[in-house]
Amino acid sequence: MKNILITDLSEKVLEEIYATGWTPKYKDRYRTEGVKPIVKYFDENGLLYYDEKGLHAFVVQTYQNYLSGKINKSRWQSVRKCSAFFSQMVTDGHISTEPLCRWTTESIALFDEPALEQMGDLDNIHTLVYRTRQAVLNLDLSQKTKNNYTYDGFADILRFYAAKGKERYSVQLLEQLVNEIYEKYKRQEVCHSKYRSIRKMAAWVMEYHDHQTVTQKKIPITSFEYASPDFERLIQEYIEYSVSLGILKCSSIDIYSWAVRRFFREMKTENVKEYAAIKLVNVSSCISAIAKKKPGDVETIFNALSSFADFIAEKHPELPNIKPALIGNPAKHKRIYEGYSEEEIHQILASVDRSTPKGKRDYALFMIAYHTGLRGVDIVNLTFENIDWKKCEIQIVQAKTGIPLALPLEVNTGNAIAEYILEARPKCESQYIFVRMLRPYTKLADNGLWGVFSNYSIPIIGKKDRLKHGPHAFRRGMGARMLEAGVSHFVLSDVLGHNDANSFLPYASVSLNSLRQCAGTLDDIPVMQEDLI
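Residue numbers restart at each chain and count upward from 1, following the sequence in its written direction. Owing to the predicted nature of the model, reporting of local features is limited to residues with pLDDT of at least 70; listing and counting of side-chain atom pairs is limited to 80 or more, with chain, interface and lining totals taken over all residues. As a convention, hydrogens and water are excluded, and side-chain values are obtained from all of the structure's heavy atoms.

1. Remarks on the overall build of the protein chain
Stated formally: Here a strand is any run of E in DSSP of at least two residues, a helix any run of H or I of at least four, and the numbering for each starts at the N terminus. In what follows, residue pairs with any heavy atoms lying within 4.5 Å of each other are defined as contacts. For accessible areas, the Shrake-Rupley method is used with a probe of radius 1.4 Å. Any residue's cover is judged against the shown protein chains and nothing else.
Counting its secondary structure elements, the protein chain contains 21 helices and three strands. Excluding contacts between residues fewer than 6 apart, the proportion of contacts in the protein chain whose partners are at least 24 apart in sequence is 60%. With the model as given, the accessible surface of the protein chain reaches about 30,200 Å², and the carbon-plus-sulfur share is 51%.

In structure tokens, the structure reads:
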């Protein structure tokens, strides 16, 4: 397409925009804040035909206006997005709805593949960042997250090295970058998202340099404090030991290692820096001190130390045995929360606007939670293979317990799911049934249902002292109703997928009938009348 009138091109771009699945709000915003300003700029500068340099000049001018506060972020994003649409129409004949990369006016070697002879040199920072980024792109992350990590992480690392005139990998330089960004974050010069992305990418670059891989795990908080070297050595051994046994989940190992480290840091107050110097009185004293500061942490630390003591007994029998100081169980600090009542559930279901695509999706989510009592993480991870339409069953392997579970698919619930899939689900290749309503069409986050459910339930029910909103409120409510109906706790545990026979107790705690059965009288206790006087 050469010498195409800018007005004709703008009409073609608008036709493509209106043909997308975007909401009317987005379409109108791109028309008024993107396409119209571009056409106006060309008209004011006497440019009748599309000109790439002229379009780029307008984008740069708009960006400068955004930085100076003359226009808002929405206007800048619309202009940039629509400028990309104009270029795509000229080169490809259609627009792309994929997210754009982060805007930058400078040239960085982020996408330049290193020379063949440099590809194996991980001490070359360009090679290292390039290969680390390739590994990150292969992770199960949304395109938006990958873009953020690229332009608010990897790009900053390369810029920092270029500013320092360095080309070789250095842990000290990466730590210096993170520290400088942290200071800027404290002065509110950069946002928390940018600081977090740079920290994450610096950690991944160091991990890839040492192990040629990247793993998705949380990095320690900024105020992270290590224990003494001897304790840290044993903690690392304990982590490797726990992983090799395969008894604990990775998340449990992370929690236990944190708890053990928390306990060892408290040992500083006892002037104990080596495990060999620990005495039982030190253990009791530290646990008591932690209980006064953070009583809610005691149970976790108690259990973690018991596991750690077993590791010490097997791998280091020459070291002190702290198990005798861990006799008994600490008092549990638990709060019993109620579930939704039948009336509250019907109010929530009635509030969903089922005429909209989002309403159809949310209604299907509510119906699954209501009739199956599944955990939120299992609902968002439902795939098309998990539903057997012929048998009318939902068949899953629970994320929390790893135990297979098959539940009947109630007719109304099945109809709600089918209606969402056939009439409202965005066209995408995701294996998951429930996906985002906006691009990229990835599955909902594992903890994403809380926000979806709360947007409906809080305005209707409000915040109550003993009610936690979200999918678990449906689960709690279902368990309580089953007990009220006289269902045995064995059947309840099977339906809710418990692997512990005592897991039904929180549901019994909110069931009035169950509590009444627990309450006894003095009628069967023989007492002399004078004993009561």
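2. Here's the deal with the nonpolar core
Definition in use: Nonpolar core, defined: a set of buried Ala, Val, Leu, Ile, Met, Phe, Trp, Tyr and Cys residues in which side-chain atoms within 4.5 Å join the residues together. Only protein chains enter the accessibility calculation, which uses a 1.4 Å probe; a residue whose area is less than 20% of its type maximum is buried, one above 50% is exposed, and one in between is partly exposed.
Judged by nonpolar contacts, the single largest core of 38 residues is most densely connected at Leu365, Phe366, Leu374, Phe434, Phe453 and Phe474. Contributing elements (two or more residues each) for this core: helix H13 (342–350), helix H14 (357–372), helix H15 (376–380), strand S2 (393–397), strand S3 (404–408), helix H16 (411–423), helix H17 (449–461) and helix H18 (471–484). With eight residues, H14 is the largest single contributor of residues to this core. The contact partners of phenylalanine 434, leaving out residues within four places of it in the chain, are Arg361, Ala364, Leu365, Ile368, Ile379, Leu382, Tyr420, Lys443 and Leu444.

3. Re H17
What counts is decided by this rule: For a helix, the expected span equals 1.5 Å multiplied by the residue count minus one. The seven residues ending at a residue and the seven starting there each receive a fitted axis; the angle between those axes is the bend at that residue.
In this model, H17 (13 residues) spans 17 Å end to end at C-alpha, consistent with the 18 Å of a helix rising 1.5 Å per residue. Along its length, H17 shows its largest kink, about 35°, at asparagine 455, and proline proline 459 lies within four residues downstream of that point. Looking at H17, one finds that the buried residues are Leu449, Val452, Phe453, Ser454, Tyr456, Ser457 and Ile461. Each element contacted by the buried residues of H17 is listed here: H13, H14, H15 and H18. One or two steps after H17, the chain reaches glycine 462, where phi turns positive at roughly 80°.

4. Topic: the sheet that holds strand S1 (residues 387–388)
Quick reminder of the rule: At least two DSSP bridges between two strands are needed for those strands to be called paired.
Spatially, three strands are ordered S1-S2-S3 in an open sheet, and the strand pairing comes out antiparallel. Looking at strand neighbours, the two that pair on one side only are S1 and S3, the edges of this open sheet. As defined by bridge partners, S1 adjoins S2 across two bridges and the pair is classed as antiparallel. Looking across to S2, one finds that aspartate 388 is bridged to glutamate 393.

5. Remarks on the side chain of glutamate 207
Inspection of the secondary structure puts glutamate 207 in helix H8 (residues 192–211). Taking the relative accessible area as the measure of exposure, glutamate 207 reaches 14% and is therefore buried. Setting aside chain neighbours within four positions, we find glutamate 207 in contact with Gln212, Thr213, Val214 and Thr215.

6. Remarks on the packing of helix H2 (residues 24–44) against helix H4 (residues 73–92)
Heads up, the condition is: Fitted lines through C-alpha atoms serve as axes, helices being fitted only where they are in contact, and the angles separating the N-to-C directions of these axes extend from 0 to 180 degrees. Each angle gets one of four labels, with under 35 degrees taken as roughly parallel, over 145 as roughly antiparallel, 65 to 115 as roughly perpendicular, and the rest as oblique. Each crossing gets its handedness from the near helix: less than a right angle anticlockwise from the far helix is left-handed, clockwise is right-handed. Three classes are used, and their members are as follows: Ala, Val, Leu, Ile, Met, Phe, Trp, Tyr, Cys and Pro are nonpolar, Asp, Glu, Lys and Arg are charged, and the others, Gly among them, are polar.
As a packed pair, H2 and H4 sit with axes 8 Å apart at the nearest point and diverge in direction by 65°. Relative to H4, the element H2 lies roughly perpendicular. In this structure, H2 meets H4 at a crossing whose hand is right-handed. Between H2, through Arg29, Tyr30, Glu33, Gly34, Val35, Pro37 and Ile38, and H4, the contact on the second element is made entirely by Ser74, Arg75, Gln77, Ser78, Val79, Lys81, Cys82, Ser83, Phe85 and Phe86. Class assignment of the residues belonging to the contact of H2 with H4 gives a composition of eight nonpolar, five polar and four charged.

7. Here we look at the environment of glutamine 118
Looking at the element boundaries, glutamine 118 is found in the loop between H4 and helix H5 (125–137). By relative accessible area, glutamine 118 is classed as partly exposed at 32%. Considered as a pair, glutamine 118 and leucine 128 are 10 residues apart in the sequence and their alpha carbons are 9.8 Å apart. With residues near it in sequence (within four places) discarded, glutamine 118 still touches Asn124 and Thr127.

8. Here we look at the pattern of salt bridges
Note the following rule: The salt bridge definition used is simple: a Lys or Arg side-chain nitrogen within 4 Å of an Asp or Glu carboxyl oxygen.
For the structure on display, the rule yields 17 salt bridges. Put simply, aspartate 310 and lysine 323 hold a salt bridge, and the shortest N to O gap is 2.9 Å. Of the two residues, aspartate 310 sits in helix H12 (residues 298–315) while lysine 323 sits in the loop between H12 and H13, which places them 13 residues apart along the sequence. A salt bridge links lysine 443 to aspartate 446; its shortest N-O distance comes to 2.7 Å. Since its relative accessible area comes to 44%, aspartate 446 is described here as partly exposed.

9. Here's the deal with the environment of aspartate 210
In this structure, aspartate 210 sits in helix H8. Judged by relative accessible area, aspartate 210 falls into the partly exposed class, the value being 48%. C-alpha separation for the pair aspartate 210 and leucine 122, spaced 88 residues apart in sequence, amounts to 9.2 Å.

10. Focus: H8
Between the first and last C-alpha of H8 there are 28 Å, a value that for 20 residues agrees with the 28 Å anticipated at 1.5 Å per step. Once H8 finishes, glutamine 212 follows within two positions and takes phi at roughly 55°, a positive value.

11. A look at the pairing of S3
Of the two faces of S3, only the one carrying Leu405 and Leu407 is buried; Pro404, Ala406 and Pro408 on the other face are not. Of the pairings in the sheet, the one linking S2 to S3 comprises five bridges and is antiparallel in character. Paired with glutamine 395 across the strands is alanine 406, a residue of S3. Hairpin connection, S2 to S3: the antiparallel pair is bridged by six residues, and glycine 402 has positive phi, about 75°.

12. What about the confidence of the model for the protein chain?
In plain terms, the rule: What pLDDT conveys is the predictor's confidence in a given residue, as a value from 0 to 100.
In the predicted model, the protein chain carries a mean pLDDT of 83, and 87% of its residues have values of at least 70. Predicted confidence is poor over residues 528–533, with pLDDT under 50, and the contacts of this stretch with residues over four places away or in other chains come to one contact.

13. Some points on unusual backbone geometry
In the Ramachandran plot, asparagine 271 falls in the positive-phi region, its phi being about 60° despite a non-glycine side chain. In this structure, asparagine 271 sits in the loop between helix H10 (250–266) and helix H11 (280–293). Phi angles above zero are rare outside glycine, and cysteine 392 is one such case at about 55°. Within the fold, cysteine 392 resides in the loop between S1 and S2.

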